[in-house]
Protein chains: 2
Amino acid sequence: MRSYSVAVVGATGAVGWEMVKILAERNFPLKKLRLLATARSAGQEISFKDEKVKIEVIKPRIFADIDIALFSIGSTPSKEIAPRAVKEGAIVIDNSNAFRMDDHVPLVVPEVNREDIAEHQGIIANPNCSTIQMVVAIKPIYDEVGIKRIIVSTYQAVSGTGKKAIKELQQQVEHYNTGQEMEAVIYPHQIAFNVLPHIDVFTENGYTREEIKMFNETRKIMHDPELLVNATCARVPVFYGHSEAVTLETAREISLERVRELLHQAAGVKVVDDPVNLIYPLALLAEKDDDVLVGRLRKDLTHRLGINLWIVGNNLRKGAALNAVQIAEEVITNQLV
Amino acid sequence: MRSYSVAVVGATGAVGWEMVKILAERNFPLKKLRLLATARSAGQEISFKDEKVKIEVIKPRIFADIDIALFSIGSTPSKEIAPRAVKEGAIVIDNSNAFRMDDHVPLVVPEVNREDIAEHQGIIANPNCSTIQMVVAIKPIYDEVGIKRIIVSTYQAVSGTGKKAIKELQQQVEHYNTGQEMEAVIYPHQIAFNVLPHIDVFTENGYTREEIKMFNETRKIMHDPELLVNATCARVPVFYGHSEAVTLETAREISLERVRELLHQAAGVKVVDDPVNLIYPLALLAEKDDDVLVGRLRKDLTHRLGINLWIVGNNLRKGAALNAVQIAEEVITNQLV
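Residues numbered from 1 in each chain as written. Chains lettered and ligands numbered in written order. Predicted model: local features only at pLDDT ≥ 70, side-chain atom pairs only at ≥ 80, totals over all residues.

Which residues make up the relation of the copies chain B and chain A, and what are the values?
Note on the copies: chain B fits chain A at an RMSD of 0.0 Å, the axial shift is 0.0 Å, and the rotation between them is 180 degrees. Such values leave the two copies arranged in the relation of a two-fold axis. Residue by residue, 100% of the interface of chain B is reproduced at the interface of chain A, so both copies engage with the same surface. (Least-squares fit on C-alpha atoms with pLDDT ≥ 70 in both. Contact = placed C-beta atoms within 7 Å.)

Structure representation (structure tokens):
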């Protein structure tokens, strides 16, 4: 079996670190693993299986012997470095917002639109975390009866912001316990024991960029420029796992039984829906589960074609690192490298 | 000026305690304040202004010299004791779910339907916390252009469950800090760093009773049996302040500017909506504010008549104790006692 040289770019970040763990867990066919980061992290070592791998600084020609580079370094550095990596010969799977809406860049969730990978011109974009878990859950319903409109409210974990945000929530609850003042640095307001209706920056129409991403990315992934997505995105004091309250308006009628059946059969989805026994999707469950958890299934009593769902996903894994590695696996399976 | 004998029934609970504080803050015209509770709390003392008031046990004839009794003891005890209090001559303002949907009991949010108080036959019901803050915020829009459908996702604080739930969240974060196991007793699952899509008990159609309350109570308060309310209610690790992501579908078109203007003029509402300066409603802000905070105002991009709002209220005060005291004030102003 062929093996591949893979680089994780941004290996010391919350997502980069998950990428390294997932490559090990899934026994990715590696010839060589290189871990890259900015100068700040250079020299650090990360465990990979039984070895220690040293973090190297990104420098010219470093991608020359890399087949696939998994990027998680944020939009601005990605915009600069990803095209360079492609020129040097690597395929880039980029986790940032930099290329997602670029017409020449496929935006991929393998369970939904793996076929788009074939169109790549060097860069494949990994969607936003809240979008990924939502499209995985709704795709089987979309394929069966169509979906016209989605209303989604998110309950997003701090790990989506990165390691410093995890630390900030930890410190705030520690200060709460010791009676010290809670400081907010990463977020504009205290996140402990609070809810912030604010993720990413605000745009002119009053929506945050996170909300606009859910609108645009869902359309692109689903290949449906008419699909309507009304999103409200909020941060909650949770470390891992994004929760979403989703109301769908389907194009044609579908029974709840059929929705349940479709979700049971769907790849990457686990139906967690036995409320009588207090079983429903929880952020804490997503910490240990790579599937998208779906529950609280019910008919919207206010719309003939309405369905309500509660969707929970591990934002660092399926929402970021795992989806990127799955894209890499598809690239290999389809001999696109 | 006339003064009144008032009893707070359930004075040692989270809401009862707020009721006592609010009676003091608002200089309620009191002839006498009696604090009642179950035998368990009897003998305890609560500060009221400069006095200490002793908790008495509820017993026959105790309501004979009471004009207004504010009840916060839960549905089952309310069902038994409130009718007795009415027979003994008191007007009961009940915070539980016991009488809310009773045709002979007005369900009142003074800013919305104060005129219903006149119909009372001894008991006036205080609505559910999540419903109160929502109707206060949407009423001015309803009056101007009508509302057909509401889609609401809640982010509810643990204080809504009571003092023991506050303690449970405190203990769980303390145990998190000391590395001890987190125990869940009041909630079926850990609430710290988690989101529970489950408030009150599940009903047969998959909705929780909390979600059904929002549907039924909103219709009754607004006097609109056609109004559609699709609710998803979730508990978040927040001590005080319920947040709500609300999407309205109005009956006629309205500009965002006009919505803003109406909300600015509305009693009991504060517009907190300057996202560029990172100003929007927060659960933590509601701890110190009796108004319902409304922000994140934006046109729903997916519906011609859609409006999105983020609504935050203090669940123990406007969502419970304050609304009850405001009803009592209306009863007095309108000489209904």
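Further notes follow.
Residues and numbers for the nonpolar core, please.
Soluble globular proteins tend to bury their nonpolar side chains together. Counting 224 residues, the largest nonpolar core has Ala69 and Leu70 of chain A together with Ala69 and Leu70 of chain B as its most contacted members. Those residues in contact with Ala69 of chain B, other than ones at most four positions away along the chain, are Ala7, Val9, Phe63, Ala85, Ala90 and Val92 of chain B. (Core = buried A, V, L, I, M, F, W, Y, C linked by C-beta atoms within 7 Å. Buried ≥ 20, exposed ≤ 12 C-beta atoms within 10 Å, placed from the backbone.)

Can you lay out the packing of helix 1 (residues 14-25) of chain A against helix 9 (residues 317-333) of chain A for me, pointing to particular residues and giving the numbers?
Residues and elements named next belong to chain A. Running from N to C, helix 1 and helix 9 point in directions that differ by 50 degrees, and their axes come no closer than 9 Å. In terms of orientation, helix 1 and helix 9 fall into the oblique class. The way helix 1 lies across helix 9 gives a crossing that is right-handed. Contact with helix 1, carried on its side by Val15, Glu18, Met19, Ile22 and Leu23, involves Arg317, Ala320, Ala321, Leu322, Ala324 and Val325 of helix 9 and no other residues of that element. Among the residues making up the contact of helix 1 with helix 9, the classes are represented as nine nonpolar, no polar and two charged. (Axes fitted to C-alpha atoms, helices over the stretch in contact; angles between N-to-C directions. Helix = DSSP H or I, 4+ residues; strand = E, 2+ residues; numbered from the N terminus. Parallel < 35°, antiparallel > 145°, perpendicular 65-115°, else oblique. Left-handed = near helix turned anticlockwise from the far one by under 90°. Nonpolar A, V, L, I, M, F, W, Y, C, P; charged D, E, K, R; others polar.)

Explain unusual backbone geometry to me, using residue names and the numbers behind them.
All names here are of chain A. Despite not being glycine, His223 shows a phi value in the positive range, around 55 degrees. Locating His223 in the fold gives a position in the loop between helix 6 (209-222) and strand 9 (228-235). Of note in this structure, Leu278 is not a glycine but carries a positive phi near 60 degrees. With respect to the secondary-structure elements, Leu278 resides in the loop between strand 11 (269-271) and helix 8 (283-286).

Kindly report on the domain arrangement of chain A, identifying the contributing residues and their values.
Frequently, the measure chosen for interface size is the accessible area that the parts lose on association. All names here are of chain A. Under the domain assignment, chain A is made up of domain 1 (4-127 + 320-333) and domain 2 (131-315). Just the C-alpha atoms count here: the centres of domain 1 and domain 2 sit 25 Å apart. Across the boundary between the two partners, domain 1 contributes 14 residues, which contact 18 residues of domain 2. At the level of secondary structure, the elements contributing two or more residues to the side of domain 1 that touches domain 2 comprise helix 3 (110-113) and helix 9. (Domains from an automatic or database assignment.)

I'd like a description of the interface of chain B and chain A, backed by residues and values.
If you look at the interface, chain B gives 50 residues, while chain A gives 50 residues. At the level of elements, strand 8 (147-156), helix 5 (163-178), strand 9 (228-235), strand 10 (242-250), helix 8 (283-286), strand 12 (292-299) and strand 13 (306-313) of chain B are the ones that each hand at least two residues to the side of chain B that touches chain A. Sorting elements by how many residues they give to the side of chain B that touches chain A places strand 9 of chain B first, with five residues. Among the residues forming the side of chain B that touches chain A, the class breakdown is 30 nonpolar, 15 polar and five charged.

Let's hear about the sheet that holds strand 1 (residues 4-9) of chain A: which residues, and what values?
Residue and element names in this part refer to chain A. Within the open sheet, the seven strands sit side by side as 3-4-2-1-5-6-7. Their pairing is mixed. Only two strands of the sheet have a single neighbouring strand rather than two, namely strand 3 (45-48) and strand 7 (123-125). Adjacent strand axes in the sheet meet at a mean angle of 25 degrees, parallel and antiparallel pairs treated alike. Bridge count for strand 6 (residues 91-94) against strand 7 is three bridges, and the pairing is parallel. (Pairing = 2+ DSSP bridges.)

Before we move on, can you summarise the pairing of strand 5 (residues 68-71) of chain B with the specific residues and values?
Residues and elements named next belong to chain B. In strand 5, alternate side chains face the same way, and those of Ile68 and Leu70 on one face and Ala69 and Phe71 on the other are all buried. Bridging between strand 1 (residues 4-9) and strand 5 involves four bridges; their strand directions are parallel. Across the sheet, the residue bridging to Val9 is Phe71, located in strand 5. Of the pairings in the sheet, the one linking strand 5 to strand 6 (residues 91-94) comprises four bridges and is parallel in character. In the sheet register, Phe71 faces strand 6, and the bridge partner there is Asp94. Between the parallel pair strand 5 and strand 6, the chain is carried across by helix 2 (residues 75-87), and the sense of this crossover is right-handed. (Right-handed = clockwise from strand over helix to strand, strands pointing away.)

I'd like a description of helix 6 (residues 209-222) of chain B, backed by residues and values.
Residues and elements named next belong to chain B. In this model helix 6 runs 19 Å from its N-terminal to its C-terminal C-alpha over 14 residues, within 8% of the 20 Å that 1.5 Å per residue would give. Inspection of helix 6 places Glu210, Glu211, Lys213, Met214, Glu217, Thr218, Lys220, Ile221 and Met222 among the buried residues, and these make up the whole buried set. Looking at the buried residues of helix 6, the elements they touch are helix 3 (110-113), helix 4 (129-145), strand 8 and strand 9. Looking one or two residues past helix 6, His223 carries a phi angle of roughly 55 degrees, positive in sign. (Expected span 1.5 Å × (residues − 1).)

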